[in-house]
Amino acid sequence: MAQPPNAGSFAEMQQLESILEAGASRLDACRVGEVHAAASAFPSTPPASGRTIHARPPSVFFAGIHGLERIGTHLLLDYMRMLLWRLEWDELLERQLQSVRLVFMPIVNPGGMWAGARANPNGVDLMRNAPQDAIGRVPPLAGGQRVGAWLPWYRGKLGAPMEVESAVMLQVVEQQLQGRPLSFALDCHSGYGWGDSIWFPYARTAAPMPHLPEMYALKTMFEQAHPHHGYAFEPQSRQYLLHGDLWDWAYDHTPPGNIFLPMTLELGSWLWIKKNPRQLFSRQGFFNPVKAHRTARVLRRHANLLDFLARVAYAPERWLPRGQRRQELLDRANAQWPWGPPG
Ligand SMILES: [Zn+2]
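Residues numbered from 1 in each chain as written. Predicted model: local features only at pLDDT ≥ 70, side-chain atom pairs only at ≥ 80, totals over all residues. Heavy atoms only, no water.

Under an unreviewed UniProt entry, the name given to the protein chain is Peptidase M14 carboxypeptidase A, and the source organism is Cupriavidus basilensis OR16.

Moving on to the coordination of the zinc ion. Coordination sphere of the zinc ion, protein contribution only: His66 (ND1), Glu69 (OE), Glu69 (OE) and His189 (ND1), at 2.0 to 2.5 Å. The coordination sphere of the zinc ion comprises four donor atoms, whose angles at the metal cover 56 to 152°; the geometry is irregular. Read N to C, the donor residues that coordinate the zinc ion are spaced as H-x2-E-x119-H. Remark: histidine 189 occurs in strand E7 (residues 182-190) and histidine 66 occurs in the loop between strand E5 (59-63) and helix H2 (70-86); sequence separation between them is 123 residues. Note on histidine 189: relative accessible area 4%, which makes it buried. (Donors = N, O, S within 2.8 Å, 3.2 Å for Na, K, Ca; no water. Tetrahedral: all angles 85-135°; square planar, octahedral: opposite > 155°, others 65-115°. Helix = DSSP H or I, 4+ residues; strand = E, 2+ residues; numbered from the N terminus. Buried < 20%, exposed > 50% of the residue type's maximum accessible area, 1.4 Å probe, protein only.)

This next bit is on the nonpolar core. Leu186, Leu218, Leu261, Met263 and Leu265 are the most contacted members of the largest nonpolar core, which has 63 residues in total. By residue number, the principal contributor to this core is H2, which donates eight residues. Not counting chain neighbours up to four residues away, the residues in contact with leucine 218 comprise Phe184, Leu261, Met263, Phe308, Val312 and Trp319. Ranked by size, the runner-up nonpolar core spans 21 residues in total, among them Phe62, Ile65, Val108 and Val172. (Core = buried A, V, L, I, M, F, W, Y, C linked by side-chain atoms within 4.5 Å. Contact = heavy atoms within 4.5 Å.)

Moving on, we get to the packing of H2 against helix H10 (residues 292-301). It is at 10 Å that the axes of H2 and H10 come closest, and there the two elements cross at 55°. Here H2 lies oblique to H10, going by the angle between them. In the packing of H2 onto H10, the handedness of the crossing is right-handed. When H2 is examined against H10, the residues Ile71, His74, Leu75 and Asp78 are found in contact with a partner set consisting of Thr295, Val298 and Leu299. Each residue belonging to the contact of H2 with H10 can be placed in one class, and the counts come to four nonpolar, two polar and one charged. (Axes fitted to C-alpha atoms, helices over the stretch in contact; angles between N-to-C directions. Parallel < 35°, antiparallel > 145°, perpendicular 65-115°, else oblique. Left-handed = near helix turned anticlockwise from the far one by under 90°. Nonpolar A, V, L, I, M, F, W, Y, C, P; charged D, E, K, R; others polar.)

A few words on the packing of aromatic side chains. Counted by the stated rule, this structure contains 14 aromatic pairs. Here the aromatic rings of phenylalanine 200 and tryptophan 337 are separated by 5.7 Å at their centres, their planes lie at 70°, and the arrangement is edge-to-face. A residue pair is termed long-range when its members are at least 10 positions apart, and phenylalanine 200 in strand E8 (residues 196-200) and tryptophan 337 in the segment after helix H12 (323-336) qualify at 137 residues. Residue tryptophan 337 is classed as buried on the basis of its relative accessible area, which comes to 3%. The structure contains a cluster of three or more aromatic residues connected by ring pairs, namely Phe200, Tyr216, Phe233, Trp337 and Trp339. For arginine 204, the ring lying beneath its charged end belongs to tyrosine 202, and the centroid distance is 4.3 Å. (Phe/Tyr/Trp six-rings, centres within 6.5 Å; stacked < 30°, edge-to-face > 60°. Lys NZ or Arg CZ within 6 Å of the ring centre and 35° of its normal.)

A word on unusual backbone geometry. Following proline 201, the chain continues to tyrosine 202 via a peptide bond in cis, the omega torsion being 10°. Looking at the element boundaries, tyrosine 202 is found in the loop between E8 and helix H6 (212-225).

Taking 1.5 Å of rise per residue, 15 residues should cover 21 Å, and helix H5 (residues 164-178) covers 19 Å from first to last C-alpha, within 8% of that figure. All buried positions along H5 are accounted for by Glu165, Ser166, Val168, Met169, Leu170, Val172, Val173, Gln176, Leu177 and Gln178. (Expected span 1.5 Å × (residues − 1).)

The final tally for this structure, using the stated rule, is 14 salt bridges. For aspartate 125, the salt bridge goes to arginine 118, with nearest N and O atoms at 2.8 Å. Residue aspartate 125 is classed as buried on the basis of its relative accessible area, which comes to 1%. In this structure, the salt-bridge partner of aspartate 252 is arginine 204, at a minimum N-O distance of 2.9 Å. Of this pair, aspartate 252 sits in helix H7 (residues 246-252) while arginine 204 sits in the loop between E8 and H6, and the two are 48 residues apart along the sequence. On the basis of relative accessible area, aspartate 252 is assigned to the partly exposed category, the value being 35%. Here arginine 204 falls in the buried class, since its relative accessible area comes to 18%. One continuous salt-bridge network, built from bridges that share partners, spans Glu69, Arg118, Asp125 and Arg128. (Salt bridge = Lys/Arg side-chain N within 4 Å of Asp/Glu carboxyl O.)

This is how it looks when you write it as structure tokens:
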């Protein structure tokens, strides 16, 4: 593993620290864990915006679970900067944040990002690290393997406790999200696909999630508000199945009666590579746009989605489906995705 020139820190961590410093009066920052990599300790800090007691559902944003996928982290850091600048003058936003709690954990795997690696410093792919196995065929290796950390997509040893990064992230999920009657999470990744996708559970089975009507309501509202959004909004199982997906685990461990709606934003990189094939020869290039104009375009495109998740939390009683409407949404979702093996 190459030693980065600046051992002990890296650009994204420095940016996060300067955002926390600039927003000290607006943000609550807390240290939820510590990750060690090559004698450096990195804090895992999910800063939350707003300092009031929030009765409404929270929206929590994650990125950097795969240390190579820096563009997702950049997206969240940009959005946090935007919120801080707007809070200087935007009274509407101020009022919104008095009601809706936004929480950011933009670098879930700091040791991996520092090292320029997908996995954490123990060589574990955190998005394959939960204990559950998929029901059905997963892609060879990429669906998660227990052969060894020398191969990519390593899940960790059978029966071993989850890695510290996974445990810390699930702790944030438990404290901030699962205990609430309703909550939303968005986790930013990059690398897979020609276009951008929003995925929701399950990754472990081709069966539907129990809150499919609620998720379908979100999808419908987002598409009506942003008809040119360009995302494929679908269950992850429509693409491939996965062992050990942390969002499946969190969703399945939400207390009964509570509604937790986790989504993954997957920024497709294949078009970036097609337009600039030299990216193929760079590990960073496969997961992040290399050309500055393309980076700008990617960063520009997703603020609507983050805004949307911050706004749906404000008055969920206006849109949460019940009774006949819930059944209609379920029927529409079932018609759109006949449930079977990925295809
Ligand atoms: Zn990823």
